[in-house]
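# Examination of the molecular architecture
Single-letter residue listing:
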Amino acid sequence: EAQVTQNPRYLITVTGKKLTVTCSQNMNHEYMSWYRQDPGLGLRQIYYSMNVEVTDKGDVPEGYKVSRKEKRNFPLILESPSPNQTSLYFCASSLSTAGTDTQYFGPGTRLTVL
Amino acid sequence: QQPVQSPQAVILREGEDAVINCSSSKALYSVHWYRQKHGEAPVFLMILLKGGEQKGHEKISASFNEKKQQSSLYLTASQLSYSGTYFCGTLENTGGFKTIFGAGTRLFVKA
């Protein structure tokens, strides 16, 4: 089944404790992206990647890191999480790097930073 | 800058029509529409590209006015399953393709 998977689905952590949220897609998609969703603000792009080893900042990259060492994986790293990073996170992928195809979203990761 | 969606919320009776608008202050390469149900991931509805090409569901229609940098999503003969939050996403060609979503329009369809 074609899908985007994220792990973990739920995470409660404390301020400053490094964490990684994994994202994997099995559709051979070139484009991958991370979003955070907060009430009233919609989805805001954190980082995106056009291809392996090619990443770029979205609108809210501060406090986050990403890497794209393999085509299928695009982990999101929070080196020193803070409470304002409490949010619902979505990973997405798309076949097209030209914005001409849909983005398929993962199921989401609900992160709470205490 | 985030595209502006209107209305923020709408309540419909089954069978009624609705229009959701999305307006940007920047030149757009394409507009994407998604629907999200509570607790779930956004699901693709429609893509509108410069030049008039569209890809999407047969039962949903949309328009894209490139000059005005606006898009509208038309929901006709609404069904209960149409309830959810609708997001427009605008893509800017910044060398890569940065996606900026609107804050969403909440749609509730009642029987």
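So, a few notes on the structure that sits alongside this text. (Residues numbered from 1 in each chain as written. Chains lettered and ligands numbered in written order. Predicted model: local features only at pLDDT ≥ 70, side-chain atom pairs only at ≥ 80, totals over all residues. Heavy atoms only, no water.)

### Some remarks on the overall build of chain A
Within chain A one finds zero helices and 11 strands. Going residue by residue from the N terminus, the α and β elements of chain A occur as β-β-β-β-β-β-β-β-β-β-β. Expected size for 114 residues packed as a compact globule is a radius of gyration near 13 Å; at 13 Å, chain A falls within 12% of this value. With the C-alpha coordinates aligned to their principal axes, the bounding extent of chain A is approximately 40 × 30 × 30 Å. Residue burial in chain A is summarised as follows: out of 114 residues, 52% are buried. Long-range pairs, those at least 24 residues apart, make up 54% of the contacts in chain A with a sequence separation of at least 6. Carbon and sulfur atoms form 52% of the exposed surface of chain A, whose accessible area is close to 5,200 Å². The average position of the 12 basic charges and that of the 10 acidic charges among the side chains of chain A differ by 7 Å. (Helix = DSSP H or I, 4+ residues; strand = E, 2+ residues; numbered from the N terminus. Rg over C-alpha atoms; globule rule 2.2 N^0.38 Å. Buried < 20%, exposed > 50% of the residue type's maximum accessible area, 1.4 Å probe, protein only. Contact = heavy atoms within 4.5 Å. Areas by Shrake-Rupley, 256 points an atom, 1.4 Å probe, with all protein chains shown as cover. Lys, Arg positive; Asp, Glu negative; His and termini not counted. Charge placed at Lys NZ, Arg CZ, Asp CG, Glu CD.)

### Looking at the sheet that holds strand S3 (residues 19–25) of chain A
All names here are of chain A. Strand order in the open sheet made by the four strands is S1-S3-S8-S7, with antiparallel pairing throughout. Unpaired on one side and paired on the other, strand S1 (4–7) and strand S7 (65–66) mark the two borders of the sheet. Pairing of S3 with strand S8 (residues 76–78), which is carried by three bridges, proceeds in the antiparallel orientation. When the sheet's bridge partners are listed, Leu19 is paired in S8 with Leu78. (Pairing = 2+ DSSP bridges.)

### Some details on the state of the cysteines
Counting across every chain of the model gives two disulfides over all chains. Note that A:Cys23 is cross-linked by a disulfide to A:Cys91, the S-S spacing being 1.8 Å. Judged by the torsion about the S-S bond (-70°), the A:Cys23/A:Cys91 disulfide is left-handed. Here A:Cys91 lies in strand S9 (residues 87–94) and A:Cys23 lies in strand S3, a separation of 68 residues in the sequence. Of the two residues, A:Cys23 and A:Cys91, neither departs from the other in class, the shared state being buried. Note that B:Cys22 is cross-linked by a disulfide to B:Cys88, the S-S spacing being 2.0 Å. The chirality of the disulfide connecting B:Cys22 with B:Cys88 is right-handed, given an S-S dihedral of about 70°. Here the residue B:Cys22 occupies a position in strand S3 (residues 18–23), and B:Cys88 occupies one in strand S9 (residues 84–93), the gap between them amounting to 66 residues. (Disulfide = S-S within 2.5 Å.)

### Structural notes on the environment of A:Gln25
Residue and element names in this part refer to chain A. Within the secondary structure layout, Gln25 lies in strand S3. Here the alpha-carbon distance between Gln25 and Gln103, two residues 78 residues apart in the chain, equals 11 Å. Setting aside anything within four residues of it in sequence, one finds Gln25 in contact with Gln3, Val4, Met32, Arg68, Lys71, Arg72 and Ser93. A distance of 3.1 Å separates a polar atom in the side chain of Gln25 from the backbone nitrogen of Asn28. (Polar contact = N/O pair within 3.5 Å; in protein donor to acceptor, adjacent residues only side chain to side chain.)

### Observations concerning the sheet that holds strand S8 (residues 70–75) of chain B
Residues and elements named next belong to chain B. On the basis of which strands lie adjacent, the open sheet formed by four strands has the order S1-S3-S8-S7 and antiparallel pairing. Edge strands, defined here as strands with exactly one partner in the open sheet, are strand S1 (4–6) and strand S7 (61–65). For this sheet, the mean inter-axis angle between neighbouring strands, taken without regard to orientation, is 15°. The sheet contact formed by S3 and S8 spans six bridges and is antiparallel. Bridged to Ser23 within S8 is Gln70. (Axes fitted to C-alpha atoms, helices over the stretch in contact; angles between N-to-C directions.)

Shape is all these values report; function is a separate question.
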